[in-house]
Amino acid sequence: METLAIISGGIIGAAILMYVVLDGFDLGVGILFPFAPGEKARDTMINSVAPIWDGNETWLILGGGGLLVFFPAAYSIALPAFYIPVMAMLFALIFRGVTFEFRHQAHTSTHLWNRSFFWGSLIAAFMQGVLLGALVQGVEVKNLRYTGGMFDWLTPFSILTGIGVVMGYGLLGATWVIYKTEGEIQEWAHRAAIVMGSGMLVAMAAVSVMTPLLRPAIADRWFGGVNLLYLSPIPLLTFALAVTLFWSILSRRELLPFLSAIGLFILGLAGIAISLYPNIIPPSVTVWDAVAPRSSVIFAMVGVAVVLPMVLIYTVYAYSVFHGKASAEGGYAHHEHE
Amino acid sequence: MPPLDAEILARLQFAFTVSFHILFPTLTIGLAGFLVFFEARYLRSNNEVWLVLYRFWVKIFALTFGMGVVSGLVLSYQFGTNWSEWSRITGPVLGPLIGFEVLTAFFLEAGFLGIMLFGWKKVGPRLHFLATCLVAIGTVISAFWILSANSWMQTPAGASFVDGQYVVDDWLAVIFNPSFPWRLMHMTTASYLTSSLVVSGISAFYLLAGSNRDVARQAFSIAMWAVLVLAPLQIFLGDQHGLNTLEHQPMKVAAMEGNWETRSHAPFHIFAMPDQKLQKNHLEISIPWASSLILKHSPSGVVPGLKEVPVEDQPPVGVVFWSFRVMVGLGFLFLALGLWGAYARWRGTLYDTRWLKRLAVVLTPAGFIATLSGWFVTEVGRQPYTVYRAMRTEDSFSPSVTGASVATTLIIFLIVYGGLFGAYLYYLLKLIRKGPDPLKTRETEETPEAIRGARPGLVVPAE
């Protein structure tokens with residue numbers, strides 16, 4: 001059962017990682033939306049994500065659904081504990097999601113849906129960062145039930161992680177736009193990537209300093225005994241990727257900035273996973289406390305093993321259909337009233 | 001604030017968000033089938049009318065699908081925010097069913113919807129048709145899993161209660177629990193019937209207005225065939241589903257019938273004002289023996305009455321009783337529409353019978369009302385339990401969540417969903433007013449440039 005619990009945790013972690021990277025860049029496109037150079041650039045940007053955003057957001061349902069599947073107890077603790085940020089995130093995602101269709105139909109009210117897209121993306125990203133921080137800082141649990149208040153999640157630390165995720169998604173969005181566009185928009189995206197990348201790295205550094213101060217267990221995980229030696233590749237690789245990111249942006253590479261940004265996210269999440277393991281709800285609930293009964297875990301794992309590879313194959317296919325540079329015409333931005 | 005208030009608010013909130021959500025999948029499940037049909041006919045005949053129809057209805061499909069996605073995402077988290085005890089206890093059973101829905105349906109739909117909407121020029125007609133088919137199959141797979149989960153809460157099977165949570169003994173028994181097959185068929189047919197009414201209503205509107213004649217005739221004809229077949233089928237399936245409910249959830253049927261005493265020769269009440277406090281009906285207008293005849297196929301058949309269980313174990317009778325009558329009444333109205341359409345077709349006046357077209361226009365939204373009523377019957381009829389006769393609704397709620405939080409989010413949901421629904425209707429009516437885009441001749445001679453936009457060559461992001 002212990003192995004099953006760890007594999008289950010790995011599946012949830014992988015789903016969260018997929019979500020953060022994939023929806024991260026399309027939320028980032030929304031965060032940068034009002035700063036884009038003109039309405040035509042906005043059309044191009046939204047076209048570059050319109051055919052794929054729905055699939056990206058599905059990973060969020062898999063994350064939530066997966067938690068209910070593999071760790072029903074953790075699901076039933078986390079969601080009441082994070083009631084307000086979860087609800088705020090959902091409302092934000094609603095506004096952002098309907099923009100894709102409504103903006104396309106809109107004629108005179110395009111600016112209204114631009115705003116809805118920006119605020120929806122920004123608040124969703126911020127709340128996801130808050131959720132991350134609120135989880136890392138710990139949740140008050142007795143007898144596998146949440147016993148804290150409605151506002152326990154709100155701390156300077158969670159606000160910091162919120163800002164960090166907004167910056168990080170902004171970076172993913174900017175580097176995606178670099179990859180998918182050319183000319184004026186691409187130039188603008190280079191500058192946006194520098195700003196967002198700097199902000200994200202500052203936030204990452206601050207979070208890395210603060211996290212071990214939250215609980216002695218986390219400090220011990222990183223600095224106890226020879227752990228620091230084993231774990232040293234994480235900060236070193238982060239540093240190397242940060243250098244690659246800025247170098248690749250400044251030397252006008254098209255795909256490398258996006259890949260470096262993804263790499264930074266993978267390392268950031270890996271760092272958090274190392275800090276929390278074996279807790280799924282820190283500081284007291286471990287993966288084996290919260291794991292679902294064996295019959296449920298095995299059944300779900302068979303499904304994951306059979307279906308997920310197919311999902312990945314056709315997701316790659318769907319992306320490949322829309323490869324190449326995006327343009328302002330076509331897609332959702334195509335106004336048929338002209 | 002006492003915890004009871006929070007629980008009632010959470011029930012209202014869930015009832016509102018889930019009712020809002022179900023409107024959109026109800027249309028997309030059926031409409032996806034129509035789109036497959038239109039595209040298949042186009043590929044076979046190369047008749048541009050089918051392509052025009054596809055291009056028009058896929059816009060309505062995309063608009064509706066988007067609403068379904070955003071309102072559905074809310075639900076997958078609301079289970080946990082408002083119903084954490086339910087999630088903890090039933091999670092091992094229902095979690096995997098919902099997980100399979102995400103894996104086998106949501107990804108399939110999301111992956112191929114992009115190709116369906118924007119990919120015509122990129123992938124060629126055959127692959128595009130495959131994408132349409134996969135999206136349509138995805139909608140049905142989605143219905144399969146979520147209705148299996150819902151049915152398990154109505155008729156739990158295949159799991160036992162161990163150490164404070166359900167543990168599954170037999171997954172096949174869980175998935176194919178006793179009420180699932182009928183519920184799946186009843187709901188899928190409801191979707192197709194609702195979509196047929198939407199297609200026939202909007203086409204009838206064009207026929208009455210004298211615009212878009214060729215495409216409107218074609219769509220009206222098909223939709224009227226569909227209503228003729230689906231309306232009686234749905235009445236049959238509903239009857240079978242009801243008999244299944246009688247076997248497994250007798251108190252729900254007693255509430256549907258407004259029947260208080262267990263008795264033979266029970267009448268069917270056409271009208272009544274059920275009074276749960278006094279445990280009787282006021283102002284009954286009844287057909288003698290009819291309830292026994294419908295449920296037991298014999299006047300001497302004994303049908304169950306609500307008084308078999310204490311008041312606190314009875315579902316709220318009024319809502320169930322009246323929702324059932326709305327659903328059944330509309331079902332027979334749909335049957336009448338189908339028969340009238342068939343008669344008009346036989347007379348050769350399908351496109352010229354003014355009142356038939358007017359009735360079709362009026363019934364455009366009626367499928368949604370019937371579907372919602374049906375859901376009220378089955379969900380309110382399950383009360384006071386979330387898992388029938390095993391877990392009470394009051395024990396399912398999140399204990400730490402305050403009434404103030406639930407009330408605040410409920411108010412925000414009312415405002416946000418109200419506004420969204422207004423925007424959806426506004427853009428839907430805009431699409432309908434504008435009507436299908438006629439194809440230019442030169443466009444049909446080549447490969448069609450795009451399903452979605454009107455201008456060839458500018459529709460898909462260029463390489």
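Being a predicted model, the structure only gives us computed values, none of them experimental.

A. Spatial organisation of the overall build of chain B. A count of helical and extended segments in chain B gives 14 helices and 6 strands. The globule rule puts the C-alpha radius of gyration for 463 residues at 23 Å, and the 24 Å found for chain B is close to it. Counting all 463 residues of chain B, 53% fall into the buried class.

B. Geometry of the interface of chain B and chain A. The partner chain A presents 64 residues to the 63 residues of chain B that form the contact. Broken down by secondary-structure element, the contributors of at least two residues to the side of chain B that touches chain A are helix 2 (48–82), helix 3 (84–118), helix 4 (120–154), strand 2 (165–168) and helix 13 (403–434) of chain B. Looking at the side of chain B that touches chain A element by element, the count peaks at 23 residues for helix 3 of chain B. In terms of residue class, the side of chain B that touches chain A is made up of 39 nonpolar, 19 polar and 5 charged.

C. Broad picture of the pairing of strand 4 (residues 280–287) of chain B. Residue and element names in this part refer to chain B. Counting buried residues in strand 4 gives 0 out of 8 residues, a small share hidden from the surface. Inspection of the sheet shows strand 3 (residues 268–275) paired to strand 4 by 6 bridges, in the antiparallel sense. Its bridge partner lying in strand 4, H269 is registered against S286. The turn joining strand 3 and strand 4, which pair antiparallel and follow one another in sequence, is formed by 4 residues; a positive phi near 55° is taken by Q279.

D. Examining helix 11 (residues 354–362) of chain B more closely. All names here are of chain B. Among all positions of helix 11, only L356, K357 and A360 are buried. All buried residues of helix 11 fall inside an arc of 95° around its axis, so they share one side. Among the exposed residues of helix 11, those oriented more than 90 degrees off its buried face are R354 and W355. Contact partners of the buried residues in helix 11: helix 6 (180–209) and helix 10 (317–347).

E. Inspection of the pairing of strand 1 (residues 159–162) of chain B at higher detail. Residues and elements named next belong to chain B. Here strand 1 runs beside strand 2; their pairing, made up of 4 bridges, is antiparallel. Directly across from F161, in strand 2, lies its bridge partner Y166. Hairpin remark: strand 1 followed by strand 2, antiparallel, with 2 residues in the connecting loop; positive phi at D163, about 50°.

F. View of the confidence of the model for chain B. All names here are of chain B. Of all residues in chain B, 94% attain a pLDDT of 70 or more, and the chain-wide mean is 87. Here residues 441–463 scores under 50 on pLDDT; set against residues more than four positions off or in separate chains, the count is 49 contacts. Interface predicted TM-score (ipTM) for the complex: 0.85; the corresponding pTM is 0.88.

G. Region of interest: unusual backbone geometry. Residue and element names in this part refer to chain A. The amide bond that connects Y277 to the next residue, P278, takes the cis arrangement and shows omega of 5°. Along the chain, P278 falls in the loop between helix 12 (256–276) and strand 3 (279–281). A cis amide bond, omega 0°, links P282 with the succeeding residue P283. Inspection of the secondary structure assignment puts P283 in the loop between strand 3 and strand 4 (285–286).

H. Expanded view of the confidence of the model for chain A. All names here are of chain A. This prediction gives chain A a mean pLDDT of 89; 97% of its residues lie at or above 70. Per-element mean pLDDT across chain A ranges from 84 in helix 10 (residues 227–231) up to 95 in helix 7 (residues 156–180). The model gives residues 332–338 a pLDDT under 50, and that stretch makes 19 contacts with residues more than four places away or in other chains.

I. Here's a closer look at helix 2 (residues 39–49) of chain A. Residues and elements named next belong to chain A. Extensive coverage of helix 2 is indicated by the burial of 9 of its 11 residues. Along helix 2, the residues classified as buried are A41, R42, D43, T44, M45, I46, N47, S48 and V49. Check the buried side of helix 2 and you find it contacts helix 1 (2–32), helix 3 (53–70), helix 5 (83–105), helix 6 (110–137), helix 7 and helix 8 (183–214).

J. Layout of the packing of helix 1 of chain A against helix 3 of chain A. Residue and element names in this part refer to chain A. The geometry of helix 1 relative to helix 3 is characterised by a closest axis approach of 8 Å and an angle of 155° between their N-to-C directions. Here helix 3 runs roughly antiparallel to helix 1, going by the angle between their axes. Viewed along their axes, helix 1 and helix 3 form a crossing whose handedness is left-handed. Contact with helix 1, carried on its side by S8, I11, I12, A15, I16, M18, Y19, L22, D23 and D26, involves W53, N56, E57, W59, L60, L62, G63, G66, L67 and F70 of helix 3 and no other residues of that element. Here the residues of the contact of helix 1 with helix 3 are counted per class, giving 13 nonpolar, 4 polar and 3 charged.

K. Summary view of the environment of I163(A). Residues and elements named next belong to chain A. Its place among the elements puts I163 in helix 7. For I163, a count of 21 C-beta atoms within 10 Å gives the class buried. Sequence separation between I163 and M200 is 37 residues, and the spatial gap between their C-alpha atoms is 8.2 Å.

L. Fine view of the environment of S160(B). Residues and elements named next belong to chain B. Along the polypeptide, S160 turns up in strand 1. Along the primary structure S160 and G305 are separated by 145 residues, whereas in three dimensions their C-alpha atoms are 29 Å apart. Those residues in contact with S160 that sit more than four places away from it in its chain are V167 and D169.

Criteria and cut-off values
- Residues numbered from 1 in each chain as written.
- Chains lettered and ligands numbered in written order.
- Predicted model: local features only at pLDDT ≥ 70, side-chain atom pairs only at ≥ 80, totals over all residues.
- Helix = DSSP H or I, 4+ residues; strand = E, 2+ residues; numbered from the N terminus.
- Rg over C-alpha atoms; globule rule 2.2 N^0.38 Å.
- Buried ≥ 20, exposed ≤ 12 C-beta atoms within 10 Å, placed from the backbone.
- Contact = placed C-beta atoms within 7 Å.
- Nonpolar A, V, L, I, M, F, W, Y, C, P; charged D, E, K, R; others polar.
- Pairing = 2+ DSSP bridges.
- Arc of directions from axis to C-beta.
- pLDDT = per-residue confidence, 0-100.
- Axes fitted to C-alpha atoms, helices over the stretch in contact; angles between N-to-C directions.
- Parallel < 35°, antiparallel > 145°, perpendicular 65-115°, else oblique.
- Left-handed = near helix turned anticlockwise from the far one by under 90°.

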